[in-house]
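# Observations on chain architecture
Residues per chain are reported as follows:
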Amino acid sequence: EDVAAVAALCPASDIEAYHRWCAANPGGVVDEIRAAIEQAYGGTPSEAPERYASHRAILRADCLKMPLLLAHGTADPTIPVEQSRALARKLCGSSHFTYREIPSGAHDAPLQQAGLLDWLDGVLNSPEPA
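Notes on the structure in this doc start here. (Residues numbered from 1 in each chain as written. Predicted model: local features only at pLDDT ≥ 70, side-chain atom pairs only at ≥ 80, totals over all residues. Heavy atoms only, no water.)

### Points about the overall build of the protein
Secondary structure summary: the protein contains six helices and three strands in total. From first element to last, N terminus to C terminus, the protein shows the α and β order β-α-α-α-β-α-β-α-α. The C-alpha atoms of the protein give 16 Å as radius of gyration, which agrees with the globular expectation for 130 residues (14 Å, within 12%). Viewed in the frame of its principal axes, the protein has a C-alpha envelope of about 45 × 35 × 20 Å. Within the span of the protein, comprising 130 residues, buried residues form 37% of the whole. Of the contacts made within the protein by residues no fewer than 6 positions apart, 68% connect residues no fewer than 24 positions apart. In the form shown here, the protein has an accessible surface area of approximately 7,500 Å², with 53% of it arising from carbon and sulfur atoms. (Helix = DSSP H or I, 4+ residues; strand = E, 2+ residues; numbered from the N terminus. Rg over C-alpha atoms; globule rule 2.2 N^0.38 Å. Buried < 20%, exposed > 50% of the residue type's maximum accessible area, 1.4 Å probe, protein only. Contact = heavy atoms within 4.5 Å. Areas by Shrake-Rupley, 256 points an atom, 1.4 Å probe, with all protein chains shown as cover.)

Written out as C-alpha cells, the structure is:
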C-alpha cells in the first residue's frame, strides 16, 4: 500500500498455497524455497497460520490500488502460473492492473517478454490523478 507501482514477475500470490505446491513437487530448488519459506515464516502454514495469512496477496487484492503489472510464464517450473492467474482473476477489470501471460515461458521469461520497461515508462510518465 505504500508504493507507487508494482511489477510482479512470476510471483507467489498465495504463499500458503505455494508452500503446499512446493511440498507436493519436491526436488532441487523447490526444496530450498520451501525451507526458506518455513524459516522466514516461523514454520509451516499449520505451525504459523497467522503469519502466512497476513502475507497472502490473494487475500488482500483489494489493497492493490497502485499501478500493477503482473507477468508470468506458463511453463514456469519454479512458481506455477496458477499463482498469477488466481490474482489476475481477483484484479480483472481494474483500470490500474495489467496482466501478461507468456506462452511456454519459463521463470525468467517476463524479464525479456513482459514489456516491463514500456510499462514502467507509461507509469512514470502518466499525468498525476487530479
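### Section: the nonpolar core
Ranked by size, the top nonpolar core spans eleven residues in total: Ala-8, Ile-58, Ala-61, Leu-64, Met-66, Leu-68, Leu-70, Leu-87, Ala-88, Leu-91 and Phe-97. Sorting the residues of this core by element identifies strand S2 (68-73) and helix H4 (82-91) as the ones contributing at least two each. Counting nine residues, the second-largest nonpolar core is a separate cluster that includes Tyr-18, Val-30, Ile-37 and Tyr-41. (Core = buried A, V, L, I, M, F, W, Y, C linked by side-chain atoms within 4.5 Å.)

### Focus: the packing of aromatic side chains
Counted under the stated rule, the structure contains three aromatic pairs. Taken together, a centroid distance of 5.8 Å and an interplanar angle of 15° make the contact between Tyr-18 and Trp-21 stacked. A residue pair is termed a helical-turn pair when its members lie 3 or 4 positions apart in one helix, as Tyr-18 and Trp-21 do in helix H1 (residues 15-24) at three residues. For Tyr-18, a relative accessible area of 2% gives the class buried. In this structure Trp-21 comes out as partly exposed when scored by relative accessible area, which is 23%. (Phe/Tyr/Trp six-rings, centres within 6.5 Å; stacked < 30°, edge-to-face > 60°.)

### Notes on a nonpolar patch on the surface
A grouping of Leu-117, Leu-120 and Leu-124 is seen on the molecular surface, where their side chains present a nonpolar patch of about 330 Å² in accessible area. On the secondary structure map, Leu-120 appears in helix H6 (residues 116-124). (Patch = residues over 30% accessible without salt bridge, like charges linked within 9 Å, V, L, I, M, F, W, Y side chains within 5 Å. Salt bridge = Lys/Arg side-chain N within 4 Å of Asp/Glu carboxyl O.)

### Points about the pattern of salt bridges
The tally for this structure, following the rule as stated, stands at seven salt bridges. In this structure, Arg-20 and Glu-16 form a salt bridge, with 3.3 Å as the shortest nitrogen-oxygen distance. Residue Arg-20 and its partner Glu-16 are located together in helix H1, separated by four residues, close to a single helical turn. Through salt bridges with shared partners, one network takes in Asp-14, Glu-16, Arg-20 and Arg-56.

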